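What follows is the residue order along each chain.
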Amino acid sequence: MLSAIWNLGLGSLSWVWSELIRRFLRWALNQRLKKKPALARSWRTISKEMIQQPGAMASLLTTAPRWNPHAVIATTGPIPVQKEISIDCEVCHASAGEWTV
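Please read these numbers as outputs of a predicted model, since none were measured by experiment.

Is there a simple way to think about the overall build of the protein chain in this case?
The helix and strand inventory of the protein chain stands at six helices and zero strands. The order of α-helices and β-strands along the protein chain, N terminus first, is α-α-α-α-α-α. When burial is assessed residue by residue, the protein chain has 11% of its 101 residues classed as buried. Here the protein chain has roughly 9,300 Å² of accessible surface; of this, 64% comes from carbon and sulfur atoms.

Pasting the structure below:
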């Protein structure tokens, strides 16, 4: 019983801490967007330049923790290929019944 109470207390503190950090980072992002209204109204994709901005990764990881990783991958844009690209279909079939390229 004491262990359950201890775990509940620690879990609650952890949630409160993460909520405070998330709210602070949202506030900081909103302050930045107030200075650049055009950026606030534009569609932004995840790119190398975007990730390198100060606080970008922290903001993404705390304000969108339940993002579908496939949706994040889909926003990366085209991948340049010099000559050819190949896909090992056996590996794909072994990992999932259905998949797309």
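Help me understand the confidence of the model for the protein chain, please; the structure alone is not making it clear to me.
Caution applies to low-pLDDT regions: their predicted coordinates should not be interpreted in detail. In the predicted model, the protein chain carries a mean pLDDT of 79, and 85% of its residues have values of at least 70. When mean pLDDT is compared element by element in the protein chain, helix α1 (residues 2-35) scores highest at 86, while helix α5 (residues 69-74) scores lowest at 65.

When you look at the environment of L25 in this model, what are you seeing that I'm missing?
Mapping L25 onto the fold places it in helix α1. With near-sequence residues (within four places) excluded, L25 lies in contact with A58, S59 and T62.

Hey, could you run me through the pattern of salt bridges in this one?
Two side chains with opposite charge may pair up if their charged atoms get near one another. Under the defined criterion, the tally for this structure stands at two salt bridges. For the salt bridge of R22 with E19, the shortest nitrogen-to-oxygen distance reads 2.3 Å. Of this pair, R22 and E19 are both found in helix α1, three residues apart, which corresponds to roughly one turn of the helix. Judged by relative accessible area, which is 14%, E19 ranks as buried. Through salt bridges with shared partners, a single ionic network connects E19, R22 and R23.

How should the side chain of R22 be read in this particular structure?
We classify R22 as buried; its relative accessible area is 19%. At 2.3 Å, the side chain of R22 and the side chain of E19 are in polar contact.

Before we go on, may I ask you to explain α1 in this structure?
Residues spaced three or four apart along an α-helix point in a common direction, a consequence of the helix completing one turn every 3.6 residues. When the terminal C-alpha atoms of α1 are compared, their 50 Å separation across 34 residues agrees well with the 50 Å that a helix rising 1.5 Å per residue should span. If you check which residues of α1 are buried, you get E19, R22, L25 and L33.

How do you make sense of a nonpolar patch on the surface when you look at a structure like this?
Side chains of W15, V16, W17, L20 and I21 sit close together on the surface and give an oily, nonpolar patch of about 550 Å² of accessible area. Tracing the sequence through the fold places W15 in helix α1. Given a relative accessible area of 54%, W15 falls into the exposed group.

About the criteria used
Here the residue index of a chain counts from 1 through its sequence in written order. Local features in this predicted model are restricted to residues of pLDDT 70 or higher, and side-chain atom pairs are both shown and tallied only at a pLDDT of 80 or more, whereas totals for entire chains, interfaces and linings draw on every residue. Water and hydrogen atoms were dropped before computing side-chain values, which therefore reflect all heavy atoms in the structure. The helix count covers DSSP runs of H or I at least four residues long, the strand count covers runs of E at least two residues long, and both are numbered beginning at the N terminus. The classification of residues rests on relative accessible area computed with a 1.4 Å probe and restricted to protein chains. Under 20% of the type maximum is buried, over 50% is exposed, and intermediate values are partly exposed. Where accessible areas are quoted, they stem from the Shrake-Rupley method and a 1.4 Å probe; at the residue level, only the protein chains shown are allowed to cover. Residue-level confidence of the predictor is what pLDDT reports, using numbers from 0 through 100. We call two residues contacting when some pair of their heavy atoms lies within 4.5 Å. The term salt bridge refers to a side-chain nitrogen of Lys or Arg lying within 4 Å of a carboxyl oxygen of Asp or Glu. Distance and chemistry together define a polar contact, namely a pair of N or O atoms within 3.5 Å, with one atom able to donate a hydrogen and the other to accept it when in protein, and with adjacent residues in sequence counting only for side-chain atoms on both sides. A helix is expected to reach a length of 1.5 Å times the quantity of its residues less one. A patch consists of residues whose relative accessible area exceeds 30% and which take part in no salt bridge; residues with like charges are grouped when within 9 Å of each other, and nonpolar side chains (Val, Leu, Ile, Met, Phe, Trp, Tyr) when within 5 Å.

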